Amino acid sequence: MSTRTSQRTFRNLIVIGVAVALMCGAAIAGCKPRSMREAQTVYGLVNPGTLTVACDFASPPMNFYDNSGAPRGFEYELLQTVADRLGLKVKYIEDTSVKDIPAALNEHKADMGASAIVVSDVGTVSDGVIIGRPYMAVGRDLIIARDAERTDLDDYNDPSVTIAVDAESASENWVRNRLPKAQIAQVKTADEGLVGVTEGTYSAAVYDDVTASYLLSGTYSNLMVANHVHNAGQYCFVYPEGSATLRDDIDQVMQDLESEGYIDSLETKWFGSVLD
């Protein structure tokens, strides 16, 4: 090969290499801003360089406080990883109930909401809220004491029955539709509802199956599931209207993490196995 040909080949390789590098850089930039300024411009974050999340930390094992008061859970760990992929830190507006999340988003107090939110828990774009790609299907469980006299679902459709639910949640809507004669007690946390069932304050409680399975396998072994509804809803993250770019980038990171096997490993850690 002549010197001129070698030089031409070398130049061509450089051009190809630069082109590939630019394409890769563009692809990465789509999901990982290269600077705090870029992230602020692209996402319009409440706090520069920080993903501010509204969360109630009341739905173990998705998000909750451990005995030391530290936040933990599936969603908590997931969002730490997602934010890292986007080059962002995470800050939580804690103790924000699901029903108050749309207001927190519309008032620009939070960039997103993550509280084991079922798609039907939140409003639509007409309410100033947009929904991310659902990432987990969940069931719904009616939880009672193991020694309860009532065991059939229809037994709980009675005015003498009081059922604990998270306020204004998909579980509350289910009880109102399926057991319209029952009295409803709105509680702030799953623990509050299950303690009430244990002590006899409430006849039953209704929660998503991931929460029921997690708590009944440990602290509340004296309780049991009397009725299970399969695929009753889907978990999602929510965002204020106008945050489609942030939503789309988080959706993409979530899909990447799923294909990499990270989601499976996180499910195994928190649920004991990979979910169907």
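Just so it is clear, the structure is predicted and the values come from calculations on it, not from any experiment. (Residues numbered from 1 in each chain as written. Predicted model: local features only at pLDDT ≥ 70, side-chain atom pairs only at ≥ 80, totals over all residues. Heavy atoms only, no water.)

Here we look at helix H7 (residues 209–216)
Next up, step 1: The buried fraction of H7 amounts to six of the eight residues, a majority that puts the element mostly inside the structure.
Next up, step 2: Buried-residue contacts for H7 involve strand S7 (136–145), helix H6 (190–199), strand S10 (204–208), strand S11 (223–240) and helix H9 (262–271). (Buried < 20%, exposed > 50% of the residue type's maximum accessible area, 1.4 Å probe, protein only. Helix = DSSP H or I, 4+ residues; strand = E, 2+ residues; numbered from the N terminus. Contact = heavy atoms within 4.5 Å.)

Topic: the packing of helix H3 (residues 74–85) against helix H8 (residues 244–259)
Next up, step 1: Two elements in contact, H3 and H8, have axes separated by 10 Å at closest approach and are oriented at 110°. The angle between the axes of H3 and H8 places the two elements in the roughly perpendicular class. Here the hand of the crossing between H3 and H8 comes out right-handed. Of the residues in H8, those in contact with Leu-78, Thr-81, Val-82 and Arg-85 of H3 are Ile-250, Val-253, Met-254, Asp-256 and Leu-257.
Next up, step 2: Within the contact of H3 with H8, the residues separate by chemical class into six nonpolar, one polar and two charged. (Axes fitted to C-alpha atoms, helices over the stretch in contact; angles between N-to-C directions. Parallel < 35°, antiparallel > 145°, perpendicular 65-115°, else oblique. Left-handed = near helix turned anticlockwise from the far one by under 90°. Nonpolar A, V, L, I, M, F, W, Y, C, P; charged D, E, K, R; others polar.)

Points about the layout of surface pockets
Next up, step 1: Roughly 790 Å³ of internal volume is contained in the largest pocket.
Next up, step 2: Lining the largest pocket we find 39 residues, and of these Ala-58, Ser-59, Lys-188, Thr-189 and Ala-190 sit closest to its centre.
Next up, step 3: Where the lining of the largest pocket is concerned, the elements lending two or more residues are strand S2 (64–65), strand S5 (112–118), helix H5 (170–178), strand S9 (183–187), H6, S10 and H7.
Next up, step 4: Taken together, the residues of the lining of the largest pocket break down into 16 nonpolar, 11 polar and 12 charged.
Next up, step 5: Space inside the second largest pocket adds up to approximately 350 Å³.
Next up, step 6: Along the walls of the second largest pocket sit 15 residues, with Ala-137, Asp-209, Val-210, Leu-275 and Asp-276 positioned nearest its centre.
Next up, step 7: Those elements giving two or more residues to the lining of the second largest pocket turn out to be S7, H7 and S11.
Next up, step 8: The element contributing the most residues to the lining of the second largest pocket is H7, with four residues. (1 Å grid on protein atoms, 1.4 Å probe; cavity = no way out; pocket = protein on both sides within 12 Å on 5 of 7 lines; lining within 4 Å. Points joined across faces, edges and corners; volume = space filled by probe spheres on them.)

Some details on the pairing of S10
Next up, step 1: When you tally the buried positions in S10, you get five out of five residues, the bulk of the element.
Next up, step 2: Bridge count for S7 against S10 is four bridges, and the pairing is antiparallel. Bridge pairing in S10 places Leu-142 opposite Val-206.
Next up, step 3: Looking at chain direction, strand S8 (residues 162–166) and S10 are connected through two bridges and run parallel. Opposite Ala-164, over in S10, you have Ala-205 as the bridge partner. (Pairing = 2+ DSSP bridges.)

Digging into empty space enclosed by the protein
Next up, step 1: All told, the structure shown has one cavity of 30 Å³ or more when counted by the stated rule.
Next up, step 2: Of the volumes computed, that of the largest cavity is approximately 30 Å³.
Next up, step 3: Taken together, Cys-55, Phe-57, Asn-63, Glu-75, Tyr-76, Leu-79, Tyr-92 and Ala-114 make up the lining of the largest cavity.
Next up, step 4: It is H3 that provides the largest number of residues to the lining of the largest cavity, a total of three residues.
Next up, step 5: Taken together, the residues of the lining of the largest cavity break down into six nonpolar, one polar and one charged.

Comments concerning the nonpolar core
Next up, step 1: With 38 residues, the main nonpolar core has Met-62, Phe-74, Leu-78, Met-136, Tyr-235, Phe-237 and Ile-250 as its most contacted residues.
Next up, step 2: For this core, the elements supplying multiple residues, two or more each, are strand S1 (50–54), H3, S5, S7, S11, H8 and H9.
Next up, step 3: What Ile-250 contacts, discounting residues up to four positions off in sequence, is Leu-51, Val-82, Leu-86, Met-112, Phe-237 and Tyr-239.
Next up, step 4: Residues Ala-185, Val-187, Ala-212 and Leu-215 belong to the second largest nonpolar core, which totals 16 residues. (Core = buried A, V, L, I, M, F, W, Y, C linked by side-chain atoms within 4.5 Å.)

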